[in-house]
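Residue-level structural notes
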Amino acid sequence: SSGINAEWPLRPGDDKAAVRACWNFLRDHQYLVEPACGATLSAIYDNKLEEYVGDKLEDGPIVVVVCGGATVDLETLMKLKESFGIDGSLERHYPLETLTVE
């Protein structure tokens, strides 16, 4: 057995939570991801892992595969953030010119 349990009962969050998670991930890790990835990251940023996986948290580490931002750029993410009324700035953490977008 590989030890990998892919039976996470993923419950899709709302679009705002996904975009907020993308923004937080960019702020925290200087890595741009698209909202499809942000939907999974929102479970972590919104502290909902226990709700989603229950007592399986005790079985070992939770691994989230983070895929890149092939369909989003910083300008698009900023527009989405603004349209959802999400607060937060990257500049207080990192100057925008230092961000690496892959």
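Now for a look at the structure at hand. (Residues numbered from 1 in each chain as written. Predicted model: local features only at pLDDT ≥ 70, side-chain atom pairs only at ≥ 80, totals over all residues. Heavy atoms only, no water.)

Notes on the packing of helix H1 (residues 15–29) against helix H2 (residues 35–45)
Between H1 and H2, the shortest axis-to-axis distance is 7 Å and the interhelical angle comes to 80°. If you check the angle between H1 and H2, you find them roughly perpendicular. Between H1 and H2, the contacting residues are Ala-17, Ala-18, Val-19, Ala-21, Cys-22, Asn-24, Phe-25, Asp-28 and His-29 on the first element and Pro-35, Gly-38, Ala-39, Leu-41, Ser-42 and Tyr-45 on the second. Here the contact of H1 with H2 is built from residues that sort into 10 nonpolar, four polar and one charged. (Axes fitted to C-alpha atoms, helices over the stretch in contact; angles between N-to-C directions. Helix = DSSP H or I, 4+ residues; strand = E, 2+ residues; numbered from the N terminus. Parallel < 35°, antiparallel > 145°, perpendicular 65-115°, else oblique. Contact = heavy atoms within 4.5 Å. Nonpolar A, V, L, I, M, F, W, Y, C, P; charged D, E, K, R; others polar.)

Looking at H1
The first and last C-alpha atoms of H1 sit 21 Å apart over 15 residues, in line with the 21 Å expected at 1.5 Å per residue. Ala-17, Ala-18, Val-19, Ala-21, Cys-22, Trp-23, Asn-24, Phe-25, Leu-26 and Arg-27 are the residues of H1 that are buried. Next to the buried residues of H1 lie H2 and helix H4 (74–83). With a side-chain oxygen positioned 3.1 Å from the backbone nitrogen of Lys-16, the residue opening H1 is Asp-14. In the segment just after H1, Gln-30 is the residue with positive phi, at about 55°. (Expected span 1.5 Å × (residues − 1). Buried < 20%, exposed > 50% of the residue type's maximum accessible area, 1.4 Å probe, protein only. Polar contact = N/O pair within 3.5 Å; in protein donor to acceptor, adjacent residues only side chain to side chain.)

Let's talk about unusual backbone geometry
A positive phi angle is found at Gln-30, which is not glycine, with a value near 55°. Relative to the helices and strands, Gln-30 is located in the loop between H1 and H2. Here Asn-47, not a glycine, exhibits a phi torsion of approximately 55°, which is positive. Tracing the chain through its elements places Asn-47 in the loop between H2 and helix H3 (49–53).

Description of the environment of Cys-37
In this structure, Cys-37 sits in helix H2. Residues Cys-37 and Cys-22, spaced 15 residues apart in sequence, show a C-alpha to C-alpha distance of 7.6 Å.

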